[in-house]
Amino acid sequence: MHPEHTSVAIVGAGPAGLLLARLLHRAGVDTVVLEGRDREYIERRQRAGILEQATVDALREAGAGDRMDREGIPHDGIELRFDRRAHRVDFPALTGGRRVMVYAQTEVVKDLVALQLAEGGPLLFEAEVREVIGADTARPVVHYRHGGRDRTLGCDYVVGCDGFHGVVRNAVPDAVRSTYERVYPYSWLGILAEAPPVYDELIYAHSERGFALASMRSPQVGRLYLQVPNGTDPADWPDERVWDELDARFALDAEPGWKLRRGPITAKSVLPMRSHVTEPMRYGHVLLAGDAAHIVPPTGAKGLNLAAADVIVLARALTARYRDGSTALLDAYSDTCLRRVWRAEHFSYFMTTTLHTDPEQSAFDTRLQLSQLERLANSEHAAAELAENYTGLLISD
């Protein structure tokens, strides 16, 4: 099926594009989703795994919460390890009951794809978007290639959920587009391991050897990360070296025998870290959401959740536009989202620079980091600030 016109053309079938399509479908707004990759690729792509309360609520509202509620793992806090000591941050006690859910992005995508194919508007895989023209007109057109043929899709609005390297963000002219970026002097070596976690909640570790994070994908699969130099080759990290380094960075004086449970490492990759924001997030009838507009380092677990927040705001705005003709929320979309984006950028920067060891940092810098971590451990106000940002600020219009 190759429709020639729709109300909202959504480019990119990641969690942002698929969630937007679901929310608009339930509001009676027609959409077409164009995805350049095949279904198998997007359903296997390893990304985030921590869902904020608002993201969880939106997935339930979209009818995509059943399997998440059965298989997801609710978390009520995180553990900070520093100076070979441990401190737990209790989310519900500090936020009035908010928590997070461990449920992998791959599973979110699978759930949303299944729903879209079963009852939503068209979802075209291997539909390579070449160009968006007429962004500043009332009838933009998406040019794409599918099934070996060049095709066009006319629409009222185009939403770019196709990431930083996608095509849609280029529809915003350079003359009106501003970009802000920070590149960090370290990366993450991430592994997936068939090793049941020995911890109940995520552990964020600051150590002289560098940062480490113990997360999970399920009660049987661990997801763990090590800070490594930029340009690191995963082949330089054989499995035993990875496990030994993780144990060293998580070491505790109070529990000298504390060790991770080891198992086969099934995936290993290096993730560079950077922050990036593109403004504005709207130009004419083209709107950007998720990584097409902003990127955060993963330390604060904000990437997927920021994308979800964007499309929650956008779904409300487009629903109002088609329900009663009001464009007030659409006109405010960019400013509304950017307020939250910059707060998340700051939180992610704070978590990253507080927990990682800069290759050029001095002993003075390290003492400042430890002082900040001590404050988080001993000040309810400081801990509440972390908990409120980690579990997610309220999404308002």
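Calculation rules
Residues numbered from 1 in each chain as written. Predicted model: local features only at pLDDT ≥ 70, side-chain atom pairs only at ≥ 80, totals over all residues. Heavy atoms only, no water. Helix = DSSP H or I, 4+ residues; strand = E, 2+ residues; numbered from the N terminus. Buried < 20%, exposed > 50% of the residue type's maximum accessible area, 1.4 Å probe, protein only. Phe/Tyr/Trp six-rings, centres within 6.5 Å; stacked < 30°, edge-to-face > 60°. Lys NZ or Arg CZ within 6 Å of the ring centre and 35° of its normal. Pairing = 2+ DSSP bridges. Contact = heavy atoms within 4.5 Å. Axes fitted to C-alpha atoms, helices over the stretch in contact; angles between N-to-C directions. Lys, Arg positive; Asp, Glu negative; His and termini not counted. Salt bridge = Lys/Arg side-chain N within 4 Å of Asp/Glu carboxyl O. Parallel < 35°, antiparallel > 145°, perpendicular 65-115°, else oblique. Left-handed = near helix turned anticlockwise from the far one by under 90°. Nonpolar A, V, L, I, M, F, W, Y, C, P; charged D, E, K, R; others polar. UniProt positions renumbered as here; feature names shortened; annotations may be inferred. Expected span 1.5 Å × (residues − 1).

Student: Whenever I open this one, unusual backbone geometry confuses me. Can you help?
Tutor: Backbone geometry follows two general trends: most residues other than glycine have a negative phi, and most peptide bonds adopt the trans configuration. Along the chain, E279 connects to P280 via a cis peptide bond; the corresponding omega equals -5°. One non-glycine residue with positive phi stands out, namely D83, at about 55°. Mapping D83 onto the fold places it in the loop between strand 5 (77–82) and strand 6 (85–90). A relative accessible area of 45% places D83 in the partly exposed class. Phi is positive for E126, close to 50°, though the residue is something other than glycine. Tracing the sequence through the fold places E126 in the loop between strand 8 (123–124) and strand 9 (128–133). Overall, E126 belongs to the exposed group, its relative accessible area being 53%.

Student: Explain the packing of aromatic side chains to me, please; I cannot follow it from the model alone.
Tutor: By the definition in use, this model includes ten aromatic pairs. Ring plane angle 15° and centroid distance 5.5 Å describe the contact between W188 and F211, whose orientation is recorded as stacked. Of this pair, W188 sits in strand 12 (residues 178–193) while F211 sits in the loop between strand 13 (203–205) and strand 14 (212–218), and the two are 23 residues apart along the sequence. Its relative accessible area of 0% is what places F211 among the buried residues. Judged by centre distance (6.1 Å) and plane angle (90°), the ring pair of Y204 and Y390 falls under edge-to-face. With Y204 in strand 13 and Y390 in helix 11 (residues 380–391), this pair connects stretches of sequence that are 186 residues apart. Pair check on accessibility: Y204 and Y390 agree, each one buried. Three or more aromatic residues link up through ring pairs in this structure, and these residues are F91, W188, Y204, F211, Y225, F347 and Y390. In this structure, R37 is placed above the aromatic ring of Y41, and the distance from its NZ or CZ to the ring centre is 4.2 Å. When the ring centre of W258 is taken as reference, the NZ or CZ atom of R81 above it lies at 4.0 Å.

Student: I tried to follow the sheet that holds strand 13 on my own but got confused; where do I start?
Tutor: Judged by pairing direction, the sheet is mixed, and its eight strands sit side by side in the order 6-5-13-14-15-12-16-19 without closing on themselves. A single partner strand is all that each edge strand has here, and the edge strands are strand 6 and strand 19 (294–295). In the sheet, strand 12 pairs with strand 15 (residues 221–228) via seven bridges, with the strands oriented antiparallel. Each bridged residue has a counterpart across the sheet, and for L192 the counterpart in strand 15 is R223. Contacts between helix 10 (residues 363–378) and the sheet are confined to strand 5 and strand 6, with strand 5 contributing the most and set at about 140° to the helix.

Student: What should I look at first to understand the side chain of R217 in this one?
Tutor: Tracing the backbone through its elements, the reader meets R217 in strand 14. Buried and without a salt bridge, R217 has E107 as its closest oppositely charged side chain, separated by 7.7 Å. Ignoring any residue separated from it by four or fewer positions in sequence, one finds R217 in contact with Q46, R47, A48, G49, A104, L192, R223 and Y225.

Student: Hey, could you run me through the side chain of S348 in this one?
Tutor: Looking at the secondary structure, you find S348 in helix 9 (residues 328–355). Taking the relative accessible area as the measure of exposure, S348 reaches 0% and is therefore buried. Setting aside its immediate chain neighbours within four residues, S348 contacts V296, P297, G300 and K302.

Student: Would you take a moment to explain the packing of helix 1 (residues 15–26) against helix 8 (residues 303–324) for this structure?
Tutor: How two helices pack is summed up by the angle between their axes together with the distance between the axes. One can describe the packing of helix 1 onto helix 8 by two numbers: an axis separation of 9 Å at closest approach and a directional angle of 30°. Comparing their axes, helix 8 and helix 1 come out roughly parallel. Our pair here, helix 1 against helix 8, has a crossing hand that is right-handed. Counting all contacts with helix 1, which are made through P15, A16, L19, L20, L23 and L24, the residues of helix 8 involved are L304, A307, A308, V311, I312, L314, A315, L318 and T319. Grouping the amino acids of the contact of helix 1 with helix 8 by side-chain chemistry returns 14 nonpolar, one polar and no charged.

Student: Honestly, the UniProt feature "domain: FAD-binding" (unreviewed entry) in the chain in this entry has me stumped. Any pointers?
Tutor: Feature annotation in UniProt assigns "domain: FAD-binding" (unreviewed entry) to the following positions: residues 6–348. As annotated, residues 6–348 comprises 31% helix and 33% strand, and the C-alpha atoms at either end are separated by 37 Å.

Student: Would you mind showing me how to read the pairing of strand 16 (residues 265–279) here?
Tutor: Every other side chain in a regular strand lies on the same face of the sheet, so the side chains alternate between the two faces. Note that strand 12 and strand 16 share 13 bridges and pair antiparallel. Paired with S187 across the two strands is P272, which belongs to strand 16. Note: strand 16 against strand 19, two bridges, orientation antiparallel. Counterpart to H276 in the pairing with strand 19 is I295.

Student: What exactly am I supposed to notice about helix 10 here?
Tutor: Given 3.6 residues per turn, any residue in an α-helix points the same way as the ones three and four places further on. Counted at 1.5 Å a residue, the expected span for helix 10 with its 16 residues is 22 Å, and the 22 Å between its end C-alpha atoms agrees. Residues of helix 10 that are buried in the fold lie against strand 5, strand 6, helix 9 and helix 11.

Student: Explain the sheet that holds strand 7 (residues 100–102) to me, please; I cannot follow it from the model alone.
Tutor: Pairing between the strands of a sheet comes from backbone hydrogen bonds, and it takes one of two forms, parallel or antiparallel. Taken in spatial order, the three strands make up an open sheet running 3-7-4, and their pairing is antiparallel. Looking at the sheet topology across the chains shown, the edges are occupied by strand 3 (50–51) and strand 4 (73–75). The pairing of strand 4 with strand 7 spans three bridges and is classified as antiparallel. Residue I73 lies in a different strand from strand 7, and its bridge partner there is V102.

Student: Please explain the pairing of strand 1 (residues 5–11) as it appears in this structure.
Tutor: A large share of strand 1 lies buried, amounting to six of its seven residues. Relative to strand 11 (residues 149–160), strand 1 runs parallel, the two being bridged by six bridges. Bridging from a neighbouring strand, H5 pairs with G154 of strand 11. Alignment of strand 1 against strand 2 (residues 31–34), held across four bridges, turns out to be parallel.

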